[in-house]
Amino acid sequence: MVTVGLLGVMAAGMGAVLAGRTLARYKDAAMRPLLLFRPFTLVRRTTISDPAATFPVVRFRFAIGGTGLDGFNLSLGDHVKLARGDVWTKPKSYSPLAWGVGGSDDAGDTFDLVVKIYPRNGTSQYLDSMQVGDQVKMSGPFPPPIGMQKVRNGGDVCNIVCFGVGITEALAVAEAELQRDDVRNVTMLWANRGQADEVLAEWVAQLQKVHPTKFTLLRAYSRESGGDFEGRVDGSMMTKAFGLSGSAPATRFLVVGTKEMMKATWETLGSLGYPRPAHDLLQKPGWAGVLMGLVGVAAGSNPSVPARL
């Protein structure tokens, strides 16, 4: 009992020290410190979805200000967290676009959030209510500093399963993978209800144009024909799309979508001989990495992370 109480006091004390040093370390950075949310001004909003789309999709462009997107690495799937302003709502994660990726401004002084506006989704509705000049509170990048960030898990074949507007993250990672000399090919299976629900398709097409032999795009439509596949993503579809035939040690996968979609897809891939621990392209660090990251923050040593792809 005494030992547990003492450990609790020590942990609380260490937490206070880390929080204090983190605040001092990152008080001037644009998107940091880790858990503090800062206002970002909306400078442009554009509806980019087809009028026939199931739900509208809007590109929100925010001014960065300060020192820029400190520490962001879009090739590792870094994201921001957006707060709606009330303490009862869990912050929502979004994958930003910047430095020219996916039609974003390449000047580096803004970043975009591409958001599907659902009729009953509080956060997307909140964003949709914002007008140019309004401010939204965000924090990032997430995952936080060195030691806590995802790491690329090797491999020379990259297969991407992307659901809907998840193309924002998938596009940035695909572009980074295609630039690697040690990657032989990248195949993306992009699932939507129909063609009208696609966004950023012109930027995906640009990747095909730049990498005609290295990048393959396959479309799956669940509610219409006309794509490469018809129906929901399943084991049979992925086997055909990626040419799977037993486990291949150098093959990696990226799955982008809702938590439910990602979980189901990884379960299917596991049943096909591609378990997530061995074949996930971007892996989360273990507890050792998290602790090292916290120690680095506390000590004031956080090596710069490549911001560009």
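Residues numbered from 1 in each chain as written. Predicted model: local features only at pLDDT ≥ 70, side-chain atom pairs only at ≥ 80, totals over all residues. Heavy atoms only, no water.

Participant: Provide a residue-level description of the overall build of the protein, including the pertinent values.
Facilitator: Looking only at helices and strands, one finds 8 helices and 14 strands in the protein. Pairs at least 24 residues apart make up 71% of the contacts formed inside the protein by residues separated by at least 6 positions. Carbon and sulfur atoms make up 56% of the accessible area of the protein, which amounts to about 15,200 Å² in all. (Helix = DSSP H or I, 4+ residues; strand = E, 2+ residues; numbered from the N terminus. Contact = heavy atoms within 4.5 Å. Areas by Shrake-Rupley, 256 points an atom, 1.4 Å probe, with all protein chains shown as cover.)

Participant: How would you explain the confidence of the model for the protein if you had to name every residue and give the values?
Facilitator: Residue-level pLDDT values for the protein average 82, and 77% of them are 70 or greater. Taken together, the stretch residues 1-30 has pLDDT below 50 and engages in 28 contacts with residues farther than four places along the chain or on a different chain. (pLDDT = per-residue confidence, 0-100.)

Participant: Please set out the pattern of salt bridges residue by residue, giving values where relevant.
Facilitator: For the structure shown, the criterion picks out 8 salt bridges. One salt bridge in this structure joins arginine 61 and aspartate 112, with 2.7 Å as the shortest N-O distance. One end of the pair, arginine 61, is in strand β2 (residues 57-63); the other, aspartate 112, is in strand β6 (residues 110-116), with 51 residues separating them in the sequence. Of the residues examined, arginine 61 reaches a relative accessible area of 9% and is grouped as buried. (Salt bridge = Lys/Arg side-chain N within 4 Å of Asp/Glu carboxyl O. Buried < 20%, exposed > 50% of the residue type's maximum accessible area, 1.4 Å probe, protein only.)

Participant: Can you explain the packing of aromatic side chains? Please cite residues and give values.
Facilitator: A full pass over the atoms with the stated rule returns 6 aromatic pairs. Aromatic side chains phenylalanine 242 and phenylalanine 253 sit 5.8 Å apart centroid to centroid with 75° between the ring planes, which places their arrangement in the edge-to-face category. With phenylalanine 242 in helix α5 (residues 235-242) and phenylalanine 253 in strand β13 (residues 251-256), this pair connects stretches of sequence that are 11 residues apart. With respect to class, phenylalanine 242 is no different from phenylalanine 253; both count as buried. Here the aromatic rings of phenylalanine 253 and tryptophan 266 are separated by 6.3 Å at their centres, their planes lie at 80°, and the arrangement is edge-to-face. Highlighted residues: phenylalanine 253 in strand β13 and tryptophan 266 in helix α6 (residues 259-271), separated in sequence by 13 residues. With respect to burial, phenylalanine 253 and tryptophan 266 carry one shared label: buried. Taken together, Phe242, Phe253, Trp266 and Tyr274 form an aromatic cluster joined through their ring pairs. (Phe/Tyr/Trp six-rings, centres within 6.5 Å; stacked < 30°, edge-to-face > 60°.)

Participant: Could you give an account of the sheet that holds strand β7 (residues 135-142), naming the residues involved and the relevant values?
Facilitator: Backbone-to-backbone hydrogen bonds pair the strands of a sheet. The strands run either parallel or antiparallel. With respect to topology, 7 strands assemble into an open sheet ordered β4-β3-β7-β1-β2-β6-β5, the strand pairing being antiparallel. At either margin of the open sheet sits one strand with a lone partner, and together these are β4 (92-94) and β5 (96-97). Note that β5 and β6 share 2 bridges and pair antiparallel. In the sheet register, proline 96 faces β6, and the bridge partner there is leucine 113. (Pairing = 2+ DSSP bridges.)

Participant: Can you explain the side chain of threonine 123? Please cite residues and give values.
Facilitator: Within the secondary structure, threonine 123 is located in helix α2 (residues 122-128). A residue is classified by how much of its surface remains accessible, and threonine 123, at 8% relative accessible area, is buried. Residue contacts for threonine 123: discarding those within four places in its chain leaves Leu82, Arg84, Lys92 and Tyr94.

Participant: Just give me the short version of empty space enclosed by the protein, but keep the residues and values in it.
Facilitator: All chains considered together, the criterion is met by 1 cavity of 30 Å³ or more. Taken as a whole, the largest cavity spans an internal volume of roughly 40 Å³. Lining of the largest cavity is provided by Leu74, Gly77, Asp78, Ser95, Pro96, Thr168, Glu169 and Ala172. The leading source of residues in the lining of the largest cavity is helix α3 (residues 167-178), at 3 residues. (1 Å grid on protein atoms, 1.4 Å probe; cavity = no way out; pocket = protein on both sides within 12 Å on 5 of 7 lines; lining within 4 Å. Points joined across faces, edges and corners; volume = space filled by probe spheres on them.)

Participant: Lay out the pairing of β6 in plain terms, naming residues and giving numbers.
Facilitator: The element β6 is extensively covered by neighbouring structure, given that 7 of its 7 residues are classed as buried. Burial along β6 is two-sided: Thr110, Asp112, Val114 and Lys116 facing one way and Phe111, Leu113 and Val115 facing the other are all buried. Alignment of β2 against β6, held across 7 bridges, turns out to be antiparallel. Pairing of valine 58 across the sheet is with valine 115, part of β6.

Participant: Let's hear about α5: which residues, and what values?
Facilitator: Along α5, the residues classified as buried are Gly235, Met237, Met238, Ala241 and Phe242. End-on view of α5: buried residues confined to an arc of 160°, all on one side of the axis. Where the residues of α5 are buried, they touch β9 (157-163), β10 (185-192), β11 (215-221), β12 (229-230), β13 and α6. Among the residues of α5, the N-terminal cap falls to aspartate 234, whose side-chain oxygen and the backbone nitrogen of serine 236 are separated by 3.3 Å. Glycine 243 sits one or two residues past α5 and shows a positive phi near 65°. (Arc of directions from axis to C-beta. Polar contact = N/O pair within 3.5 Å; in protein donor to acceptor, adjacent residues only side chain to side chain.)

Participant: Which residues make up the environment of alanine 264, and what are the values?
Facilitator: Summarising the element assignment, alanine 264 is placed in helix α6. Considering only alpha carbons, one finds alanine 264 and valine 233, 31 residues apart in sequence, at a separation of 9.7 Å.

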